[in-house]
Amino acid sequence: PFQQFPFGPCGTCPDGAAPHTTFVMNFATVFNPNGGVFVYVPSEHVPEIAFDARIVDLSRESLTWGTEIPVISESGAYTTSIRLIGIPTDPRFRLMLRIYDFDGVDGVQVRVRVFTEADVILADQTLAMRKPAGDQPFPFAGYPATVQVDLTGLVAGSTGRARVEIDPITPGLRFWAFVSVTHDETQHVTLITPH
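Residues numbered from 1 in each chain as written. Predicted model: local features only at pLDDT ≥ 70, side-chain atom pairs only at ≥ 80, totals over all residues. Heavy atoms only, no water.

With that settled, consider a nonpolar patch on the surface. Taken together, the side chains of V39, F51 and V71 define a hydrophobic patch exposed on the protein surface, amounting to about 220 Å² of accessible area. Looking at where V39 falls in the secondary structure, it is placed in the loop between strand 2 (8-9) and strand 3 (53-55). (Patch = residues over 30% accessible without salt bridge, like charges linked within 9 Å, V, L, I, M, F, W, Y side chains within 5 Å. Areas by Shrake-Rupley, 256 points an atom, 1.4 Å probe, with all protein chains shown as cover. Salt bridge = Lys/Arg side-chain N within 4 Å of Asp/Glu carboxyl O. Helix = DSSP H or I, 4+ residues; strand = E, 2+ residues; numbered from the N terminus.)

As structure tokens, then:
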């Protein structure tokens, strides 16, 4: 029962997942591999299933097992402001803000503001989230609408830490966001998640 997505088979899932079974789901061929994916689980099976997502640099896997990416359930969606704090402004790091819409609706909007530690505003933008080309309408919506913002240039020249505040503009929006912090030399990734 777990191998079917609304948009078809997941590809590498076994035919029916036995209790206490671990398997890998390969999303390498999805329309938007960096934009996230919805995994639909029948409500009666939600307590039985756990997910793990991880960024791993295979060239350095003897040194680190990577960084876990949170897998967010519907109950983890935000409907009010998200704050992402403690974002480094050090030029040795690349910063990418990623925002996801839980309902997969093309064109939903958020307001994104970036502040310095001293509360000086560096950016104030209204952004629309987009669904990947080729995705099908609900109930075959396998992908969230997303938007990505490269924060690296926005915080350049600042000192200390920055923060990002994301406010929903579209009524009823259910969303989630994080910032990935990637070190230019080591490529190690740290995630900054909502508070």
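Turning our eyes to something else, we now look at the pairing of strand 8 (residues 121-128). Here strand 7 (residues 109-115) pairs with strand 8 via 7 bridges, running antiparallel. Bridging from a neighbouring strand, R111 pairs with T126 of strand 8. Counted between consecutive antiparallel strands, the loop separating strand 7 from strand 8 contains 5 residues, among which D119 sits at a positive phi close to 70°. (Pairing = 2+ DSSP bridges.)

Moving on, we get to the sheet that holds strand 6 (residues 93-101). Within the open sheet, the 4 strands sit side by side as 9-6-11-12. Their pairing is antiparallel. Every interior strand has two partners, whereas the edge strands, strand 9 (145-150) and strand 12 (189-192), have only one. Pairwise comparison of adjacent strand axes, ignoring direction, gives a mean angle of 20° for this sheet. Here 9 bridges tie strand 6 to strand 11 (residues 175-183), and the two strands are oriented antiparallel to one another. Pairing of R94 across the sheet is with T182, part of strand 11. (Axes fitted to C-alpha atoms, helices over the stretch in contact; angles between N-to-C directions.)

Within the structure shown, the criterion is met by 2 aromatic pairs. Arranged with centres 6.2 Å apart and planes meeting at 15°, the rings of Y100 and F178 form a pair that is stacked. Within this pair, whereas Y100 is found in strand 6, its partner F178 is found in strand 11, the two being separated by 78 residues in sequence. Taken as a pair, Y100 and F178 share a single burial class, namely buried. Each ring, one from W176 and one from F178, has its centre 5.8 Å from the other, and the planes form 45°; the classification is tilted. Assessed through its relative accessible area of 6%, F178 is described here as buried. Three or more aromatic residues link up through ring pairs in this structure, and these residues are Y100, W176 and F178. (Phe/Tyr/Trp six-rings, centres within 6.5 Å; stacked < 30°, edge-to-face > 60°. Buried < 20%, exposed > 50% of the residue type's maximum accessible area, 1.4 Å probe, protein only.)

Let us look at the sheet that holds strand 10 (residues 161-168). The strand order 5-10-7-8 describes an open sheet built from 4 strands, whose pairing is antiparallel. Of all the strands in the sheet, the pair left with one neighbour each is strand 5 (82-88) and strand 8. Going from strand to strand, the sheet's axes swing by 15° on average, the running direction of each strand aside. Here 5 bridges tie strand 5 to strand 10, and the two strands are oriented antiparallel to one another. Each bridged residue has a counterpart across the sheet, and for P88 the counterpart in strand 10 is R161.

With that settled, the discussion passes to the side chain of D101. Structurally, D101 can be placed in strand 6. It is R174 that comes nearest to the buried, bridge-free D101 among opposite-charge side chains, at 6.4 Å. A polar contact is formed between the side chain of D101 and the backbone nitrogen of D103, at a distance of 3.1 Å. Polar side-chain contacts of D101 include one of 3.0 Å to the backbone nitrogen of G104. (Lys, Arg positive; Asp, Glu negative; His and termini not counted. Polar contact = N/O pair within 3.5 Å; in protein donor to acceptor, adjacent residues only side chain to side chain.)

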